[in-house]
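Inside the fold
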Amino acid sequence: QIATADDIRDLRARVERMERAAAKGDVDAYALANLDFHDRLVLLAGNEKLLATYRRLVNELHLYRRATLAQTGTLPVSTREHRDIVDRIATGQAAAAGRALFDHVMASRERMHRVRPGARAQGGPAPKKPR
């Protein structure tokens, strides 16, 4: 709701960086641009506690996110989801933007679980059965 025209231009430029990386199949460049985009979104929220929590989670999930992005077909899908988020922010649709963010996170989570099939719904590894 508080994003300025400059903020929207900045977010669109970040999505374009991801699109260029996706077009080249450059997962490393995409991963960096993706982190940059998400960090900027959280910064725009203006909530320091949220930012600290987000950055801690990013550090913990780094390898999983990279492996998830490397899956065939993930980059274009992820980029579309990011563009949808920015489009909704740009048109002042706060609730729709929030829903698009939620949907993106849940879809990303599902993609991560495909990389790591042993992961449980809560995100942790499946417990080992006692012998």
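Preceding this section is the structure that the text describes.
In every chain, residue numbers begin from 1 and rise along the written sequence. Predicted model: local features are reported for residues with pLDDT of at least 70 only, side-chain atom pairs are reported and counted for 80 or more only, and whole-chain, interface and lining totals are derived from all residues. To get the side-chain values, all heavy atoms of the structure are used, and hydrogens and water are removed first.

1. Looking at the packing of helix α1 (residues 5-24) against helix α2 (residues 27-45)
What counts, and what does not: Only the stretch in contact is used when fitting a helix axis, every axis being a line fitted to C-alpha atoms; angles between N-to-C directions are given from 0 to 180 degrees. Only DSSP runs of H or I reaching four residues or more are called helices, and only runs of E reaching two or more are called strands; each is numbered from the N terminus. Here is the rule for angles: anything less than 35 degrees is roughly parallel, anything more than 145 is roughly antiparallel, 65 through 115 is roughly perpendicular, and the remaining ranges are oblique. For a crossing to be left-handed, the near helix must be turned anticlockwise from the far one by less than a right angle; the clockwise case is right-handed. Residue contacts follow a heavy-atom distance rule, with two residues in contact if any of their heavy atoms lie within 4.5 Å. By the convention adopted, Pro, Cys, Tyr, Trp, Phe, Met, Ile, Leu, Val and Ala count as nonpolar, Lys, Arg, Asp and Glu as charged, and the other residues, Gly among them, as polar.
Two elements in contact, α1 and α2, have axes whose closest approach is 8 Å; the angle formed by their N-to-C orientations is 160°. The angle between α1 and α2 places the two elements in the roughly antiparallel class. α2 is crossed by α1, and the crossing has left-handed handedness. Taking contact as the criterion, the partners of Asp7, Asp10, Leu11, Arg14, Val15, Arg17, Met18, Ala21 and Ala22 in α1 are, on α2, Ala29, Tyr30, Leu32, Ala33, Asn34, Asp36, Phe37, Arg40, Leu41 and Leu44. Among the residues making up the contact of α1 with α2, the classes are represented as twelve nonpolar, one polar and six charged.

2. Side note on the pattern of salt bridges
For clarity, the threshold we go by: Every case where a carboxyl oxygen of Asp or Glu lies within 4 Å of a side-chain nitrogen of Lys or Arg is listed as a salt bridge. Burial status follows relative accessibility: with a 1.4 Å probe on protein chains alone, a residue under 20% of its type maximum counts as buried, one over 50% as exposed, and anything between as partly exposed.
Counted under the stated rule, the structure contains 15 salt bridges. Across the salt bridge formed by Asp10 and Arg40, the nearest N and O atoms sit 2.9 Å from each other. On the criterion of sequence distance, the pair formed by Asp10 in helix α1 and Arg40 in helix α2 is long-range, its members being 30 residues apart. We note a salt bridge from Asp36 to Arg17, for which the minimum N-O separation is 2.8 Å. On the criterion of sequence distance, the pair formed by Asp36 in helix α2 and Arg17 in helix α1 is long-range, its members being 19 residues apart. Judged by its relative accessible area of 26%, Asp36 is partly exposed. With relative accessibility at 36%, the residue Arg17 sits in the partly exposed group. Overlapping salt bridges, with partners in common, bring together Asp7, Asp10, Arg14, Arg17, Asp36 and Arg40 in one network.

3. As for the nonpolar core
As a reminder, the rule being used: Residues enter a nonpolar core if they are buried and are Ala, Val, Leu, Ile, Met, Phe, Trp, Tyr or Cys, with the set joined through side-chain atoms within 4.5 Å.
Of all hydrophobic cores here, the largest spans 16 residues; its most connected members are Met18, Tyr30, Phe37, Leu69 and Val86. Counting residues per element, the ones that place at least two in this core are α1, α2 and α4 (74-90). When residues in this core are grouped by element, the largest group, six residues, is from α2.

4. Side note on helix α5 (residues 94-115)
Which entries qualify depends on this criterion: One fewer than the residue count of a helix, multiplied by 1.5 Å, yields its expected span.
Look at α5: 32 Å from first C-alpha to last across 22 residues, which is about the 32 Å you get at 1.5 Å a residue. All buried positions along α5 are accounted for by Ala97, Ala100, His104, Arg111, Met112 and His113. Buried residues in α5 make contact with α2, α3 (48-69) and α4.

Read these as spatial facts, not as claims about activity.
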